[in-house]
Amino acid sequence: MSKILLLQGNQAVVEGAIAAGCKFFGGYPITPSTEIAELLAERLPLVGGKFIQMEDEIASMGAIIGASLTGKKVMTATSGPGFSLKQELIGYACMAEIPLVIVNVQRVGPSTGQPTSPSHGDVMQARWGTHGDHWLIALTPASVPECFEITVRAYALSEKYRVPVILLMDEVIGHMREKIELPDTYDNIPQPERKLPTCPPEKFNAYATDESLVPPMPPFGSGYRLHVTGLVHDETGFPKGTGAATVASTDRQYHKLYDNLDDIVQVENYKLDDAEYAVIAFGCAARTAYDSIDRARAEGLKVGLLRPITIWPFADKQVKELASKVKGIMVHELNRGQYVLEVERAVAGKIPVTSYCKYDNEPATPAQLLAEIKKAMGL
């Protein structure tokens, strides 16, 4: 049985977290993500979980890292300024390979910016906000039903690859309401299981791996001894200060994700089969693009959309394939120009790449985007 509801995107994220088995939330309220904290404060105790409001965003990251180490599925939620504060401990979670889900409902910045306006200004921060070579996953929904589905997927990827996953939303997707059909019970939704050691505790090394390159992760208190550090470490988990150890750690963490891009990277193709020109857009900008492309088609223009659902790792293969089929690409994003730089890198000059950057606190209208598409096509 199922039920049909009218939910905000933020509400659907909460439902997705509960469905995936989230049992701990540590966070701090910030517009436009606060509904996630409010609702999880209500919902988690009903499923045997715990909610704690921390004193700030840095402490929130520390709390979910600690809870994840005990074997729990965890979440925190924030927006731009709070996301900036979390970066040091995001790096720690990457180095220590701690699975967790971070929701960032983006708003205009920098600093306090425009707290109630949508933006895609954190795209590059999501990938490179913390220092050093590090590897993580970022996903972005474009509808309320996807907020549920992609939250569930975020937990599956986080647990499978032992990696932080960022749910990179925007204010429009977080606050808009749409119809969503949810099951009456989440009992039949597959629960991602963390990889556990198969050896006895006395033979266990915290970061020893098999061909998957993902170390098993026993929960604290289960009889296995773990040393967790942000320092470069060897398979014992203890610091190892050699260059060889740094190379080995960095390469393994890279390959555990980038050898599995077909599993991780997800895109949507909309009317691309016969397209001569393509738009790349995500989040609320993709919603504008659907309508603009329908209008273009009604005028006889063969335009299609490639929508990245996995923002990071970047969809290199899909963008390169697209560049071999169309005459030009426009990247539409709500910032001064971030994702377009990755598209340009992948296309490598084979076809023209243009951008329509909207950063005036409002999403583009379909008519505005269509006008930009026609201009780029020379019409």
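Here's a quick rundown of the structure. Numbers given for residues are sequential positions, taken from 1 along each chain in its written order. Local features are withheld for residues below a pLDDT of 70 in this predicted model, meaning they are given only at 70 or higher, and side-chain atom pairs are given and counted only at 80 or more; totals for whole chains, interfaces and linings count all residues. Computation of side-chain values: all heavy atoms of the structure, hydrogens and water removed.

Some words on the pattern of salt bridges
For step 1, the next point in the chain: The term salt bridge refers to a pairing of a side-chain nitrogen on Lys or Arg with a carboxyl oxygen on Asp or Glu at a separation within 4 Å. The tally for this structure, following the rule as stated, stands at 18 salt bridges.
For step 2, the next point in the chain: Salt-bridge contacts for Asp316 lead to Arg345; the nearest nitrogen and oxygen are separated by 3.1 Å. Of the two residues, Asp316 sits in helix H12 (residues 316-323) while Arg345 sits in helix H13 (residues 339-347), which places them 29 residues apart along the sequence.
For step 3, the next point in the chain: For Arg345, a relative accessible area of 42% gives the class partly exposed.
For step 4, the next point in the chain: One salt-bridge network, held together by shared partners, links Glu97, Arg252 and Lys256. Counting from the N terminus, the helices are DSSP H or I runs at least four residues long and the strands are E runs at least two residues long. When accessible area is computed with a 1.4 Å probe and restricted to protein chains, residues below 20% of their type maximum are described as buried, those above 50% as exposed, and intermediate ones as partly exposed.

Some thoughts on helix H5 (residues 87-96)
For step 1, the next point in the chain: Within H5, seven of the 10 residues are buried, leaving the element largely enclosed by the surrounding structure.
For step 2, the next point in the chain: Along H5, the residues that are buried comprise Gln87, Leu89, Ile90, Gly91, Ala93, Cys94 and Ala96.
For step 3, the next point in the chain: Where H5 ends, the next residue or the one after it, Glu97, has phi of about 60°, a positive value.

Considering the side chain of Ser119
For step 1, the next point in the chain: With respect to the helices and strands, Ser119 occurs in the loop between strand S6 (114-118) and helix H6 (123-128).
For step 2, the next point in the chain: Among the polar contacts listed, one links the side chain of Ser119 to the backbone nitrogen of Gly121, at a separation of 2.9 Å.
For step 3, the next point in the chain: We call two N or O atoms a polar contact when they sit within 3.5 Å, provided that within protein one can donate a hydrogen and the other can accept it, with sequence-adjacent residues counted only if both atoms are side-chain atoms. Here the side chain of Ser119 touches Leu334 through a polar contact of 3.4 Å, landing on its backbone oxygen.
For step 4, the next point in the chain: Note on contacts: a residue pair qualifies if any of its non-hydrogen atoms lie within 4.5 Å across the two residues. Residues within four places of Ser119 in sequence aside, it is in contact with Gln106, Arg107, Val108, Asp170 and Leu334.

Brief notes about the nonpolar core
For step 1, the next point in the chain: By nonpolar core is meant a set of buried Ala, Val, Leu, Ile, Met, Phe, Trp, Tyr and Cys residues that side-chain atoms within 4.5 Å join together. Residues Ile36, Met75, Ile329 and Val343 are the most contacted members of the largest nonpolar core, which totals 99 residues.
For step 2, the next point in the chain: When residues in this core are grouped by element, the largest group, nine residues, is from helix H7 (residues 144-161).
For step 3, the next point in the chain: Ile293, Ala296, Tyr356 and Leu370 belong to the second-largest nonpolar core, a separate cluster that totals 18 residues.

Comments concerning helix H1 (residues 9-20)
For step 1, the next point in the chain: Under the convention used throughout, the expected extent of a helix is 1.5 Å for every residue step, that is, one less than its residue count. With 12 residues, H1 extends 16 Å from end C-alpha to end C-alpha; this agrees with the ideal 16 Å at 1.5 Å per step.
For step 2, the next point in the chain: Summarising burial for H1: 11 of the 12 residues are buried, a large majority.
For step 3, the next point in the chain: Within H1, the full set of buried residues consists of Gly9, Asn10, Ala12, Val13, Val14, Glu15, Gly16, Ala17, Ile18, Ala19 and Ala20.
For step 4, the next point in the chain: Immediately beyond the C-terminal end of H1, within one or two residues, lies Gly21, with a positive phi of roughly 100°.

Quick word on the pairing of strand S3 (residues 50-53)
For step 1, the next point in the chain: By the bridge criterion, four bridges tie strand S2 (residues 22-27) to S3 in an arrangement that is parallel. When the bridges of S3 are listed, Gly26 appears paired with Ile52.
For step 2, the next point in the chain: Consider the strands pointing away from the viewer: the crossover is right-handed when the path from the first strand over the helix to the second runs clockwise. A crossover links S2 with its parallel partner S3, the connecting element being helix H2 (residues 34-43), and its sense is right-handed. Paired strands, in this sense, are two strands between which DSSP finds at least two bridges.

Things to note about the environment of Ala289
For step 1, the next point in the chain: Locating Ala289 in the fold gives a position in helix H11 (residues 283-298).
For step 2, the next point in the chain: With a relative accessible area of 0%, Ala289 lands in the buried category.
For step 3, the next point in the chain: What Ala289 contacts, discounting residues up to four positions off in sequence, is Val279, Ala281, Leu305 and Leu369.

Some points on the packing of helix H3 (residues 57-69) against H5
For step 1, the next point in the chain: In this analysis, axes come from line fits to C-alpha atoms, helices being fitted only over the stretch in contact, and the angle between any two N-to-C directions falls in the range 0 to 180 degrees. H5 packs onto H3 with a crossing angle of 20° between their chain directions and a minimal axis gap of 8 Å. By the angle between their directions, the pair H3 and H5 is classed as roughly parallel. The hand of the H3/H5 crossing is right-handed. For the pair formed by H3 and H5, the contact residues are Ile58, Met61, Gly62 and Ile65 on the first element and Leu89, Ile90, Tyr92 and Ala93 on the second.
For step 2, the next point in the chain: For the contact of H3 with H5, the residue count by class is seven nonpolar, one polar and no charged. In what follows, roughly perpendicular refers to angles from 65 to 115 degrees, roughly parallel to angles under 35, roughly antiparallel to angles over 145, and oblique to any angle outside these ranges. Crossing handedness follows the turn of the near helix against the far one: under a right angle anticlockwise gives a left-handed crossing, and clockwise gives a right-handed one. Gly is put with the polar residues, along with every residue not named as nonpolar or charged; the nonpolar set is Ala, Val, Leu, Ile, Met, Phe, Trp, Tyr, Cys and Pro, and the charged set is Asp, Glu, Lys and Arg.

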